[in-house]
There are 2 protein chains.
Amino acid sequence: MAVSGGKVTQIYVCCSCLSTSHLEVVGKKKIARLVSLLRHASKPKIDVIVDSALNVHNIASHLERESESNDLALGVLIEINGGQNRCGVESRNEESIVEIYRSIESYAGLTFRGLHCYGGNLQHVRSPAERQSLVMAGPIAAAERARNSLAKIGVSCDIITGGGTGTFQFEADGGVHNEIQPGSYAFMDVDYSLNDDGKDRFENALFVHTSVVSTASSPGERTVVDAGSKAVSLDCGPPCVTRLDINQGLSGSIDEGFTYECGGDEHGILIHSSDMCGKVLNEGDTLRMIPGHIDPTVNMHDWLICVRKHPSGKDFIVEDTWRIRGRGPGI
Amino acid sequence: MAVSGGKVTQIYVCCSCLSTSHLEVVGKKKIARLVSLLRHASKPKIDVIVDSALNVHNIASHLERESESNDLALGVLIEINGGQNRCGVESRNEESIVEIYRSIESYAGLTFRGLHCYGGNLQHVRSPAERQSLVMAGPIAAAERARNSLAKIGVSCDIITGGGTGTFQFEADGGVHNEIQPGSYAFMDVDYSLNDDGKDRFENALFVHTSVVSTASSPGERTVVDAGSKAVSLDCGPPCVTRLDINQGLSGSIDEGFTYECGGDEHGILIHSSDMCGKVLNEGDTLRMIPGHIDPTVNMHDWLICVRKHPSGKDFIVEDTWRIRGRGPGI
């Protein structure tokens, strides 16, 4: 897996492809891990999100047990359902929002920080106008309702956070959120490049290399590569496969005259179109794939190889290698 | 990820979920790795599969360069396209089959071992009768044609290998194959359990545990768990989610009154049916998932926790933990 582009060292900490940036911490084991993180030498400031008073109670109880002279403190945001119907309190459920707020405030180790309202379901609505309209009616309206519920009891929110690579501009302009949390933009993928946002908005910066393992069966019609469902996540569509030509492939989705079909866990089958005329793929050739969906693809790999274009423009230089320490199921 | 059942220590070496049992070795780097494996202290006997004379030449050349007094030897099988249109020589291409055979025989370090003809595309045809008919017309007929092509020049095949968990019985009874290579049967998954082979043919022996992280949004209608596309592969359908009740869930697919929908990379959403009446899922509850597709699911995890039922029947005992060393993209 290769990463290219400028300022590569700035990507790691901000990219949700590599970390879990907005997850609930529920259950004894996870709460214990969270609290032990607070004891880390670097004394991190951590905010968690919650959507139930029970979870607030469980986190606070563990924190109090582990805390020596109240040295451990957590910020807490209330998660609001922005329309994805995943986690989050219903934004019209004023009673529950206020109950959770009061629960947070009742514990010495916890500080209420604000609201988390994210619409993962809207990130890939292709039309920007339609996407904006849905974000306004969804996460922005929901966050506003929740904010107003708390304002009625005199409580203001320091942070109202949300937005992803597909919608962050709308949350930023919406007048309710004051923090955005996009992550995929740093690497990009085929699914995001298919949003009608202009091809050059963000360049692709992460590629999975694959090589041709077979041209035996119907040469000229299909070519088999060694990347299947263990190498690229196929849940949001197939990867875009290109040659290694370093002067193309950084923006948008590229049509090289062949399309990828899954050939099982360890194989991909490139179906050739008539445009392939004159182009030959040979056994052993290395090709470059822009993954369909970046997050679960990064999750399957152990290393990122960071490269920069050689000044001559003819080759890449390996700048660094990063172990993907954050990979794993998150369960 | 928990594995249960008897004789757990016998699974590891035979399970293709954990290793790559029938892959082509193409390209300089992979060939170098293959040859270095031959130098391993345990002196493994290794067979590779090929579908081109070029690959035979590349493997043999590397072997000759690395070999001291011809101490390195490889067995080679010719891969035949059994109808999946992935890798493999066309079974009617007698000229190519004979050319590859002669190429293998021309190198001192290589020994022709036979044919590999596998139909991955047929493993999940639901009706056993239809599946058998397709296996006979596909991999069995193709292997027979290739065998006959070689017989014409006086060559016999020591090994004709193929068959997976869905079809191995048909290859075993087909009169052409003399080796089968099923792997998924050791763990099973939802997709295989949906074949009409009888619920009790193989028990499920691998489960991914997940826990309830949210019941805030529409309690009674949906429940959110902490397992998304980074925890279970969704390419062959959703996992089957059950309670931890140890007296059920080992055979077939179980309807607990809720169905799993992907909620993104780190979430699953359990949609409740009316049969849920009276059953309550609480924040923090641990649930058990039978993955939809076992191979790419194992690939996402680092450890298998091997458990055995306690004699009392009321709990599990951890027998062993296995690191999943074979995981990775295979590219």
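Keep in mind the model is a prediction, meaning the values are calculated, not measured.

Visitor: Can you tell me about the overall build of chain A, naming the residues and giving the values?
Guide: Scanning chain A from N- to C-terminus turns up seven helices and 15 strands. By residue count, 54% of the 331 residues in chain A fall in the buried class. In chain A, the share of contacts with a sequence separation of at least 24, taken over all contacts with a separation of at least 6, comes to 70%. Of the roughly 14,300 Å² that chain A leaves accessible, carbon and sulfur atoms contribute 49%.

Visitor: If you had to explain the interface of chain A and chain B to someone new, which residues and values would you point to?
Guide: With 55 residues of chain A at the contact, the number on the chain B side is 55 residues. Buried area between chain A and chain B, both sides added, is near 4,300 Å², and the carbon and sulfur share of it is 51%. Three residues, Arg86, Lys230 and Glu283 of chain A, lead the burial of chain A against chain B; their summed loss comes to 15% of the area buried on that side. Connecting chain A to chain B are six salt bridges. Put simply, glutamate 90 of chain B and arginine 222 of chain A hold a salt bridge, and the shortest N to O gap is 3.9 Å. Across the contact surface, chain A and chain B share 20 residue pairs in polar contact (both at pLDDT 80 or more). Sorting the residues of the side of chain A that touches chain B by element identifies helix H2 (53-66), strand S4 (89-90), strand S8 (206-214), strand S9 (222-225) and helix H7 (294-298) of chain A as the ones contributing at least two each.

Visitor: Got a sec to walk through the side chain of serine 233 of chain A? Specific residues and values, please.
Guide: Residues and elements named next belong to chain A. With respect to the secondary-structure elements, serine 233 resides in the loop between S9 and strand S10 (240-242). For serine 233, a relative accessible area of 9% corresponds to the buried category. At a separation of 2.5 Å, a polar atom in the side chain of serine 233 contacts the side chain of aspartate 235. The residues touching serine 233, leaving out its near neighbours within four places in the chain, are Gly292, His293, Pro296, Thr297 and Met300.

Visitor: Break down the side chain of histidine 267 of chain B for me, with residues and values.
Guide: Looking at the secondary structure, you find histidine 267 of chain B in the loop between strand S11 (258-262) and strand S12 (268-272). Its relative accessible area of 2% is what places histidine 267 of chain B among the buried residues. Within the local environment of histidine 267 of chain B, its side chain forms a polar contact with the side chain of glutamate 24 of chain A, the two groups lying 3.0 Å apart.

Visitor: Explain the environment of isoleucine 269 of chain A to me, and be specific about the residues and the numbers.
Guide: Along the polypeptide, isoleucine 269 of chain A turns up in strand S12 (residues 268-272). Distance from isoleucine 269 of chain A to arginine 222 of chain A, taken between C-alpha atoms, is 6.6 Å for residues 47 residues apart in sequence.

Visitor: Provide a residue-level description of the pattern of salt bridges, including the pertinent values.
Guide: The full count for this structure, using the stated rule, is 26 salt bridges over all chains. Salt-bridge contacts for arginine 147 of chain A lead to glutamate 144 of chain A; the nearest nitrogen and oxygen are separated by 3.8 Å. Here the residue arginine 147 of chain A and the residue glutamate 144 of chain A both occupy positions in helix H4 (residues 128-151), the gap between them amounting to three residues, near one helical turn. For aspartate 71 of chain B, the salt bridge is made with arginine 39 of chain B, and the minimal N-O distance between the two is 3.4 Å.

What counts, and where the lines are drawn
Residues numbered from 1 in each chain as written. Chains lettered and ligands numbered in written order. Predicted model: local features only at pLDDT ≥ 70, side-chain atom pairs only at ≥ 80, totals over all residues. Heavy atoms only, no water. Helix = DSSP H or I, 4+ residues; strand = E, 2+ residues; numbered from the N terminus. Buried < 20%, exposed > 50% of the residue type's maximum accessible area, 1.4 Å probe, protein only. Contact = heavy atoms within 4.5 Å. Areas by Shrake-Rupley, 256 points an atom, 1.4 Å probe, with all protein chains shown as cover. Buried area = accessible area lost by both parts, 1.4 Å probe. Salt bridge = Lys/Arg side-chain N within 4 Å of Asp/Glu carboxyl O. Polar contact = N/O pair within 3.5 Å; in protein donor to acceptor, adjacent residues only side chain to side chain.

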